[in-house]
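Descriptive analysis of the structure
Each chain, letter by letter, is given below.
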Amino acid sequence: MSGTFLILAAFLASAVEMVEALTIVLAVGLTRGWRSALIGTAAALAVLAVIVALFGPLLSRIPLGTLRLIVGGLLLIFGIQWWRKAILRSSGFKALHDEDATFAEETEAARRQGLDTRAGLDWYAFTLAFKSVLLEGLEVAFIVVTFGASAQRLDLAAIGAGAALIVVLAAGLLLHRPLSRVPENSLKFAVGLLLATFGTFWAGEGAGAVWPGGDAAIVVILAVYALASWGLVTALRREKSAQGATKGVRA
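Residues numbered from 1 in each chain as written. Predicted model: local features only at pLDDT ≥ 70, side-chain atom pairs only at ≥ 80, totals over all residues. Heavy atoms only, no water.

To continue, consider the packing of aromatic side chains. If you walk through the whole model with that rule in mind, you get seven aromatic pairs. With a centroid separation of 6.0 Å and 45° between ring planes, the pair formed by phenylalanine 78 and tryptophan 82 is classed as tilted. Taken together, the positions of phenylalanine 78 and tryptophan 82, both in helix 3 (residues 64-91) and four residues apart, correspond to about one turn of that helix. Three or more aromatic residues joined by ring pairs make a cluster, and in this case those are Phe78, Trp82 and Phe142. (Phe/Tyr/Trp six-rings, centres within 6.5 Å; stacked < 30°, edge-to-face > 60°. Helix = DSSP H or I, 4+ residues; strand = E, 2+ residues; numbered from the N terminus.)

Okay, structure coming up:
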């Protein structure tokens, strides 16, 4: 059961970050040419693979209880940030991320840049693709390494991330357009819930707690957080509607 949730969390988190990176890579590739953009993407993926390969085994040397306490706390912080933003977007207090707008901005910026050739590459296309994939991928690497080390199944976390990479890249290459129809906020909502759930579970285990039902407690924690999310979104939507009504009366 925990293995399934582990793959799912790694897949969803990786997919969200890769969709955002894909938007920039597509804008650069379609505007400036694919060779430099794809080489920059490949270089960033190679750096991320090295990070996972180095830090995964290093973290596994830390005593499991200590590791889960530390990682659980970090995942809680990380997950709650995603969770909070998703709640605010769902309730209307924060604007939804617009991949089409990002694509248009990056395309226009790429067109305005002059040609700077270094080592046979369009340096602007190479560096922008490299930076975008690396920055978005660092969050993926963090999730893969921490999840894999804490669950002692780095392979499952890597499978989830690898599957997301294949799916997103295949969709991008086939469509040649940003994946704006992907329900990004819903994915971030799910990822935030999963990160907070695993963070709570592992931090509790690291602190010495024994969860009733073992791994089955993950489902219960997830259900509690999902119910709390529904309550928060409902309350905030009402508050947003009340604010709109008040402004309408004043106008």
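So, next bit.
Relative to each other, helix 2 (residues 34-60) and helix 5 (residues 123-151) sit at 25°, their axes nearing to 8 Å. In this view, helix 2 runs roughly parallel relative to helix 5, as classed from their interaxial angle. Considering how the two elements wind past one another, helix 2 and helix 5 form a crossing that is right-handed. For the contact of helix 2 with helix 5, the per-class residue count stands at 22 nonpolar, five polar and no charged. (Axes fitted to C-alpha atoms, helices over the stretch in contact; angles between N-to-C directions. Parallel < 35°, antiparallel > 145°, perpendicular 65-115°, else oblique. Left-handed = near helix turned anticlockwise from the far one by under 90°. Nonpolar A, V, L, I, M, F, W, Y, C, P; charged D, E, K, R; others polar.)

Before going further, it helps to spend a moment on the packing of helix 3 against helix 5. Where helix 3 contacts helix 5, the axes come no closer than 10 Å and their chain directions differ by 145°. Handedness of the helix 3/helix 5 crossing: left-handed. Within the contact between the two elements, helix 3 uses Leu64, Leu67, Arg68, Val71, Leu74, Leu75, Phe78 and Trp82 and helix 5 uses Glu139, Phe142, Ile143, Thr146, Phe147, Ala149, Ser150 and Ala151. Each residue belonging to the contact of helix 3 with helix 5 can be placed in one class, and the counts come to twelve nonpolar, two polar and two charged. (Contact = heavy atoms within 4.5 Å.)

Before going further, it helps to examine the side chain of arginine 32. Position of arginine 32 relative to the elements: it lies in helix 1 (residues 2-32). Discounting residues that sit within four places of it in the chain, arginine 32 has contacts with Ala110, Gln113, Gly114, Leu115, Asp122, Tyr124 and Ala125.

To continue, consider the nonpolar core. Leu75, Trp83, Phe147, Phe189, Leu195, Phe198 and Trp202 are the most contacted members of the largest nonpolar core, which has 66 residues in total. For this core, the secondary-structure elements that each account for two or more residues are helix 1, helix 2, helix 3, helix 4 (99-112), helix 5, helix 6 (154-175), helix 7 (184-206) and helix 8 (217-250). Of the residues forming this core, the biggest block, 16 residues, is contributed by helix 1. What leucine 195 contacts, discounting residues up to four positions off in sequence, is Leu75, Leu76, Phe78, Gly79, Ile143 and Phe147. (Core = buried A, V, L, I, M, F, W, Y, C linked by side-chain atoms within 4.5 Å. Buried < 20%, exposed > 50% of the residue type's maximum accessible area, 1.4 Å probe, protein only.)

Okay, the pattern of salt bridges next. Enumeration over the complete set of coordinates arrives at three salt bridges. A salt bridge links aspartate 122 to arginine 32; the shortest N-O distance between them is 2.9 Å. Of this pair, aspartate 122 sits in strand 2 (residues 121-122) while arginine 32 sits in helix 1, and the two are 90 residues apart along the sequence. (Salt bridge = Lys/Arg side-chain N within 4 Å of Asp/Glu carboxyl O.)

Within the fold, valine 19 resides in helix 1. Valine 19 sits in the buried class, given a relative accessible area of 4%. Along the primary structure valine 19 and glutamate 136 are separated by 117 residues, whereas in three dimensions their C-alpha atoms are 9.4 Å apart.

The end-to-end C-alpha separation of helix 3 is 39 Å, in line with the 40 Å expected for 28 residues at 1.5 Å each. After helix 3 finishes, the residue glycine 92 shows a positive phi value of roughly 90°. (Expected span 1.5 Å × (residues − 1).)

Right, let's get into the environment of phenylalanine 142. With respect to the helices and strands, the residue phenylalanine 142 is situated in helix 5. A C-alpha to C-alpha distance of 15 Å links phenylalanine 142 and isoleucine 159, two positions 17 residues apart in sequence. When near neighbours in sequence (up to four residues on either side) are disregarded, phenylalanine 142 contacts Leu74, Leu75 and Phe78.

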